[in-house]
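Single-letter residue listing:
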Amino acid sequence: MACLLIINGPNLNLLGTRQPEVYGSQTLEDVERLSIDAARTGGASAECFQSNHEGEIIDRIHAARGKHDAIIINPGAYSHTSIAIRDALSGVDIPVWEVHISNIHARDTFRHHSHISAIANGVICGCGILGYRLAVMAALEALGD
């Protein structure tokens, strides 16, 4: 059975209250429940992790090696700034799907570039939290489960 790691970066713990006009009214708990349910429906399991700290995210990516079959990550603002997270994802040789709740290409210009996208198997943005379900489905399809 495949095991997925769902990583959420900085400020995603504020979902439901932070800029609901951009991110919607659903909470991080809703995102985690949706992701776990989608994995279960696909015959897999999922573990969720959120941190506002770049180093903790990197440590969790490193710990995924040999434990998780795919990573789904919403790096938040680290998408646009963190080469270290990109390098960690590249270094563990685990397939990666990048998710953004909002359409980053319809927002501030500095949000249009993600360091993660170039190494991701797929990128889903602008679909709200449904993007997590789509990423789980894509990962499981790619893994053959």
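Residues numbered from 1 in each chain as written. Predicted model: local features only at pLDDT ≥ 70, side-chain atom pairs only at ≥ 80, totals over all residues. Heavy atoms only, no water.

A. Seen up close, the overall build of the protein chain. Broken down by element type, the protein chain carries five helices and five strands. Along the protein chain, helices and strands appear, N-terminal first, in the series β-α-α-β-α-β-α-β-β-α. Over its C-alpha trace the protein chain gives a radius of gyration of 14 Å, about what one expects of a compact globule, namely 15 Å for 145 residues. With respect to the three principal axes, the spread of C-alpha positions in the protein chain is 40 × 30 × 25 Å. A burial count over the protein chain gives 46% of its 145 residues as buried. Of the accessible surface of the protein chain, which amounts to about 6,700 Å², a share of 49% is contributed by carbon and sulfur atoms. Distance between charge centres in the protein chain, computed from 10 positive and 16 negative side chains, equals 2 Å. (Helix = DSSP H or I, 4+ residues; strand = E, 2+ residues; numbered from the N terminus. Rg over C-alpha atoms; globule rule 2.2 N^0.38 Å. Buried < 20%, exposed > 50% of the residue type's maximum accessible area, 1.4 Å probe, protein only. Areas by Shrake-Rupley, 256 points an atom, 1.4 Å probe, with all protein chains shown as cover. Lys, Arg positive; Asp, Glu negative; His and termini not counted. Charge placed at Lys NZ, Arg CZ, Asp CG, Glu CD.)

B. Inspection of the sheet that holds strand β4 (residues 96–100) at higher detail. Sheet architecture is open: five strands sit in the order β2-β1-β3-β4-β5, paired in parallel fashion. Whereas interior strands pair on both sides, the edge strands pair on one side only; in this sheet they are β2 (45–50) and β5 (122–125). The average angle at which neighbouring strand axes cross in this sheet is 20°, direction not considered. Bridge analysis of strand β3 (residues 70–74) against β4 gives three bridges, and the strand direction is parallel. Along β4, the bridge assignment pairs Ile71 with Val96. Contacting β1 (3–8) and β2, helix α2 (residues 28–41) crosses the sheet at an angle of about 160° to β2. (Pairing = 2+ DSSP bridges. Axes fitted to C-alpha atoms, helices over the stretch in contact; angles between N-to-C directions. Contact = heavy atoms within 4.5 Å.)

C. The arrangement of the nonpolar core in detail. Residues Leu4, Ile6, Ile72, Tyr132 and Val136 are the most contacted members of the largest nonpolar core, which totals 24 residues. Mapped onto this core, the elements with two or more residues apiece are β1, α2, β3, β4 and α5 (130–143). With residues up to four places along the chain from it excluded, the contact list for Tyr132 reads Ile6, Asn8, Leu12, Val31, Leu34, Ser35, Asn74, Val99 and Ile101. Counting 17 residues, the second-largest nonpolar core is a separate cluster that includes Leu5, Ile61, Leu89 and Val96. (Core = buried A, V, L, I, M, F, W, Y, C linked by side-chain atoms within 4.5 Å.)

D. Looking closely at the environment of Gly16. Looking at the element boundaries, Gly16 is found in the loop between β1 and α1 (20–23). Along the primary structure Gly16 and Gln26 are separated by 10 residues, whereas in three dimensions their C-alpha atoms are 4.8 Å apart.

E. Layout of a nonpolar patch on the surface. Together, Leu130, Leu134 and Met137 make up an exposed nonpolar region whose accessible area comes to about 250 Å². Following the sequence through the fold, Leu134 ends up in helix α5. (Patch = residues over 30% accessible without salt bridge, like charges linked within 9 Å, V, L, I, M, F, W, Y side chains within 5 Å. Salt bridge = Lys/Arg side-chain N within 4 Å of Asp/Glu carboxyl O.)

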